[in-house]
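What follows is the residue order along each chain.
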Protein chains: 2
Amino acid sequence: MNSRNGSDLRAFFQPAGVAVIGSLREVMGTAYGAIKNMRRFGFSGAIYPINPNPSKYGEVLGLKVYSNVSEVVQPIDLAVVITPPSTVPEVVEECARSGVKAIIVISEGFAESGKEGAALQRKLADIVRRTGVRIIGPNTFGVVNAANGLVTVPPYTDNDKIERGGIAFCSQTGSIGPHQVPLDDWAYPISKMCDLGNKCDVDEVDILNYLADDPETKVVAMHMEDVRNGPEFIKAARRLVACKPLLVLKAGRSEAGARATASHTGSLMGSDQIYDAALRQLGAIRVNTWQELWEVPRTLLYQPLPTGNRFAVITFTGGQGVIAADAASAAGLAITNFSSDTVRKLSMVFPRLGSNPVDIGPVMSDSRSQSSSNPFHSLEEIVPLVLGDDNVDCATITFSCGRQLVPLYPMVVDMFYRLTKAFTKTVNIWLYGTRFPAMLEMARQLQARRLPAYLDLDIAIKALGCAAYYSRTRSSLQYWENSKRRMGNCN
Amino acid sequence: MNSRNGSDLRAFFQPAGVAVIGSLREVMGTAYGAIKNMRRFGFSGAIYPINPNPSKYGEVLGLKVYSNVSEVVQPIDLAVVITPPSTVPEVVEECARSGVKAIIVISEGFAESGKEGAALQRKLADIVRRTGVRIIGPNTFGVVNAANGLVTVPPYTDNDKIERGGIAFCSQTGSIGPHQVPLDDWAYPISKMCDLGNKCDVDEVDILNYLADDPETKVVAMHMEDVRNGPEFIKAARRLVACKPLLVLKAGRSEAGARATASHTGSLMGSDQIYDAALRQLGAIRVNTWQELWEVPRTLLYQPLPTGNRFAVITFTGGQGVIAADAASAAGLAITNFSSDTVRKLSMVFPRLGSNPVDIGPVMSDSRSQSSSNPFHSLEEIVPLVLGDDNVDCATITFSCGRQLVPLYPMVVDMFYRLTKAFTKTVNIWLYGTRFPAMLEMARQLQARRLPAYLDLDIAIKALGCAAYYSRTRSSLQYWENSKRRMGNCN
């Protein structure tokens, strides 16, 4: 067994040279596809296409083709293997012999596919033990590093760019990655992505240790079907949670889900109650849906943690306020009562404005707002009063988007930025409206100023609830850790 | 009290002539705005702008302005009133005297705004009692009828069209309507919409009776904060549920939500447990979020009701299958076991394909699929085997969208249409991918063939769960009704 030092994985994410081994036929889904994607996202390292028949290809995408990793004189840190499963052990053995440190085995047909595949996978585990080489996979799409453009996935990838940011995703499925998710439309801020696949070697413990130490990663979102080593997982997760939020979507919660897991990764799962208790105890944020796994991290990344769960919400209609109050209750937030000073000042802005949820509908439909060059100027007074109240820890502010307002967006975004940055409260924005392109455009502009925007009110409020939960959890964890023993820090 | 015959509301939705009373200044949000929206959506009836100073305007949008409803010779079925609150009782009185049958009072400043407003609202209720005129509102945006283009909302409305279809929305908030929701981007199939506002007269009982009898309406989605008359509501809802599904988003479930309700509509709410028990007993589908209220109805509208809860799912990755199985459990669906015949035939299509969830990832990445002119041709064999299995009542089929596939969409949509219409199973499609515009385009094309498409897997499966729930409920209701007494039918 290798040491569980996160630095082990550096070769997977920051290789100077990468060998890509497999078919170089010009179709996506092959070794050619992986090379094409690395070029598409501007991978900054060297790429060495490897195929036993180099003369068949000559050059691939302007790169010289080698027949074997041992032929390459320059150092190879990472090999990406996409060859038929039966050939993989030999290819991996050869990489290890040539001094390659890290190997991603993308090929399918291992433990997930029956006895024969399981035997092949055991051979890979053997090579790891004997040689010290590290393997991600098999049955994986590998990794993404937004900082250097490393994207090892072979299928067609319809994102033009991956925004560099602080959120890391690790998963046990190929459904998370630039070939499957609208990263570009969302302007989703990524640090690293990793599909662990069948986990013949590198597993959730390694990746949590690596991400804990990765200075680019500020929030970790994890899709997980099983855990190989419970005590080690708890240790690694606890270390990470002490300095970064960890979200976990534990798939296979239900009996039916657990049965489905066994059939596609060949892994067996423990009871969901055990996972739930462990995740709670170590302070991870448990989410229940795919959408939550993607949406919640942005509030954690862009905003300060709240010091409590006292919540305020500014809506454009009273009906939205009621729905927001229900969502807040479900998310563990308390609809706060404003101080008498805030109530007084709000009611000076507009009659009957002092209660929370703050319904600004009547203000907006007032003729003074209608005729102003900035129809949202009343927010200039209302937002500081709400965020400045000592009884408020976090808030969701509503904005109604429409095509006719697009020219005003830069002004509105500046206003939100200016009004919210004056306070260290946790804020996100709920966008609704009549046109998706207008909503997505506003979301992108807000996010460029670190204001997380949501198209779903319940999810916006859930994200604040998760932030409040993590804030409370971390304080008690840190208190506990400090008083009992010293623990390793992470970046 | 008026009789509770649904036909009372016909004048609100199918007026031959509409008077719009209020400011005709060319800004949205006014009487002018309501007229502008009626024209925008091609209202087929006559419109009469009414303002005490007709000479100030001359014509508005090419329409002659009258000083008073009594001046209009032609019959006026509906008056839309947007004047200052203190003037409303007099305006309404005058309408009633002139023979107007239905009045929508859009003006704010009634029971929701304190004692004075409450007194004004009592005056309106008095007029209703004395004259028999019917009022929707005050504090409402009124109604939409997609069949004749009647849209009484005054604010700017950024939808170019409202698709005529079978889903009715009634609400106690102005947040539901063509000025607030991306109906056009969704190609959302609407029959009627109605914001009940402060309910000085027309309430949820009237609207349920009307929608039960409305042949255009096939599914009713209701946002509700309070019920005025419990026994009458149960009677009306039960009558509707016996022939059409009724979804209810009961806002103000939490204590905080209930408090927020009181402050914005002036209504008091009962305990949520009472609502929950009543809604269950009468067979309504209770949904918990805004998103569910909008998304679930499409499956109920476009697809046949399932005869049971046995669910199959076709996914592109094994990880999606596990998440789908969890979602199915949460939605009350059972992941079905295929018959041995189906298992055998599926495994002849591709090795290891016989289990549910059906993971077609390996089939898709197979070189035969990759090189085919229709990369989805394997679905031609798989979908009929799954839907044809006697153990399957309902199914979600996954499709991965991307810009490069847009030219293939018509072929793919034809294929889904052909393969699913051969069976009377309840089917919806989960779309995921890398580009929102490509996903929305595919959703629109599928929906034009009555195939409900979803961008969220959990919601797609929840919608099938709601369909199975309603199917079961309706059978037992109908059995009960038939054996105990005769009840009125609805359209």
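Here, the structure is the one placed above.
Thresholds applied
- Residues numbered from 1 in each chain as written.
- Chains lettered and ligands numbered in written order.
- Predicted model: local features only at pLDDT ≥ 70, side-chain atom pairs only at ≥ 80, totals over all residues.
- Heavy atoms only, no water.
- Contact = heavy atoms within 4.5 Å.
- Buried area = accessible area lost by both parts, 1.4 Å probe.
- Salt bridge = Lys/Arg side-chain N within 4 Å of Asp/Glu carboxyl O.
- Helix = DSSP H or I, 4+ residues; strand = E, 2+ residues; numbered from the N terminus.
- Pairing = 2+ DSSP bridges.
- Axes fitted to C-alpha atoms, helices over the stretch in contact; angles between N-to-C directions.
- Least-squares fit on C-alpha atoms with pLDDT ≥ 70 in both.
- Buried < 20%, exposed > 50% of the residue type's maximum accessible area, 1.4 Å probe, protein only.
- Right-handed = clockwise from strand over helix to strand, strands pointing away.
- Phe/Tyr/Trp six-rings, centres within 6.5 Å; stacked < 30°, edge-to-face > 60°.
- Lys NZ or Arg CZ within 6 Å of the ring centre and 35° of its normal.

Colleague: Explain the interface of chain A and chain B to me, please; I cannot follow it from the model alone.
Modeller: Accessible area lost during the coming together of the parts is what is often quoted as the interface size. Opposite the 66 residues of chain A that make contact, chain B presents 66 residues. Summed over both partners, the interface of chain A with chain B buries about 4800 Å², with 50% contributed by carbon and sulfur atoms. With its nearest N and O atoms 3.8 Å apart, the salt bridge here joins Asp326 of chain B to Arg253 of chain A. When residues of the side of chain A that touches chain B are traced back to their parent elements, those giving at least two are α6 (183–186), β13 (246–250), α9 (255–265), α11 (290–302), α12 (318–330), α14 (361–365), β19 (426–433) and α18 (436–448) of chain A. Broken down by element, the side of chain A that touches chain B gets its largest block of residues, 9 residues, from α12 of chain A.

Colleague: So what exactly am I meant to see when it comes to unusual backbone geometry here?
Modeller: Glycine aside, the phi torsion of most residues is negative, and most peptide linkages are trans. Residues and elements named next belong to chain A. Residues Asn356 and Pro357 are joined by a peptide bond in cis, for which omega reads 0 degrees. Here Pro357 is to be found in the loop between α13 (340–349) and β17 (358–359). Residue Arg352 is not a glycine yet carries a positive backbone phi of 60 degrees. Within the chain, Arg450 stands out as a residue other than glycine whose phi angle is a positive 65 degrees. Considering the arrangement of structural elements, one finds Arg450 in the loop between α18 and β20 (453–454).

Colleague: What is the right way to read the sheet that holds strand β12 (residues 219–224) of chain B from this model?
Modeller: As a general point, the strands of a sheet are linked pairwise by backbone hydrogen bonds and lie either parallel or antiparallel. All names here are of chain B. Pairing is mixed in the open sheet, where 7 strands are placed in the order β9-β8-β11-β10-β12-β13-β14. The open sheet has two free edges, formed respectively by β9 (150–151) and β14 (285–287), since each of these has just one partner strand. Of the strand pairs in this sheet, strand β8 (residues 142–145) and β9 are connected by 2 bridges, and their pairing is antiparallel. Across the sheet, the residue bridging to Asn145 is Leu150, located in β9. Strands in contact with helix α11 (residues 290–302) are β10 (164–171), β11 (190–195), β12, β13 (246–250) and β14; relative to β12, the strand with the most contacts, it is inclined by about 170 degrees.

Colleague: Any chance you could explain the relation of the copies chain A and chain B here in plain terms?
Modeller: Each copy of the chain is related to the other by a rotation around an axis and a translation along that axis. Overlaying chain A with chain B gives an RMSD of 0.0 Å, the required rotation being 180 degrees about an axis along which the chain moves by 0.0 Å. Taken together, the rotation and translation relating the two chain copies correspond to the operation of a two-fold axis. Mapped onto chain B, 100% of the interface residues of chain A are again interface residues, and the two copies thus contact each other with one and the same surface.

Colleague: What's the story with the pairing of strand β15 (residues 310–315) of chain B in this structure? I'm lost.
Modeller: Consecutive side chains of a regular strand alternate in pointing toward one face of the sheet and then the other. Residue and element names in this part refer to chain B. Burial runs high along β15: 5 of the 6 residues are buried. As for the winding sense of the linkage, the β-α-β connection from β15 through helix α12 (residues 318–330) to strand β16 (residues 334–335) is right-handed. The sheet contact formed by β15 and strand β18 (residues 394–401) spans 4 bridges and is parallel. Bridge pairing in β18 links Ile314 to Ile397. Strand direction decides the pairing type here: β15 and strand β17 (residues 358–359), joined by 2 bridges, are parallel. Bridge assignment links Ile314 to a residue of β17, and that residue is Val358.

Colleague: Could you clarify how one ought to interpret the environment of Val69 of chain A in this entry?
Modeller: Residues and elements named next belong to chain A. Tracing the chain through its elements places Val69 in the loop between β4 (63–64) and β5 (78–82). The buried category is assigned to Val69, whose relative accessible area is 5%. Distance in space between the C-alpha atoms of Val69 and Tyr48 is 8.3 Å, their sequence separation being 21 residues. For Val69, the contacting residues outside a window of four places in its chain are Ala19, Ile21, Ile50, Ile76, Glu94, Cys95 and Ser98.

Colleague: In this structure, what is going on with the pairing of β8 of chain B? I would like to understand it.
Modeller: All names here are of chain B. Across 4 bridges, the pairing between β8 and β11 is antiparallel. Residue pairing in the sheet places Gly142 in a bridge with Asp195 of β11. The loop that links β8 with its antiparallel partner β9 comprises 4 residues; one of these, Gly149, has a positive phi angle of about 75 degrees.

Colleague: When you look at the packing of aromatic side chains in this model, what are you seeing that I'm missing?
Modeller: Here the distance between the centres and the angle between the planes together describe a pair of aromatic rings. Per the counting criterion, the structure on display carries 26 aromatic pairs over all chains. Measuring from centroid to centroid gives 5.2 Å for Tyr188 of chain B and Trp294 of chain B, while their planes differ by 75 degrees, and the two rings are edge-to-face. Linking Tyr188 of chain B in the loop between α6 (183–186) and β11 with Trp294 of chain B in helix α11, this pair joins segments that are 106 residues apart in sequence. Taken as a pair, Tyr188 of chain B and Trp294 of chain B share a single burial class, namely buried. Note on Phe316 of chain B and Tyr432 of chain B: the rings are 6.3 Å apart at their centroids and 90 degrees apart in plane angle, and the pair reads as edge-to-face. With Phe316 of chain B in the loop between β15 and α12 and Tyr432 of chain B in strand β19 (residues 426–433), this pair connects stretches of sequence that are 116 residues apart. A residue is classified by how much of its surface remains accessible, and Tyr432 of chain B, at 8% relative accessible area, is buried. The rings of Phe316, Phe376, Phe399, Phe416, Trp430 and Tyr432 of chain A are connected pair by pair, giving a single aromatic cluster. For the cation-ring pair, Arg449 of chain A lies above Tyr417 of chain A, with the distance from its terminal atom to the ring centre recorded as 4.1 Å.

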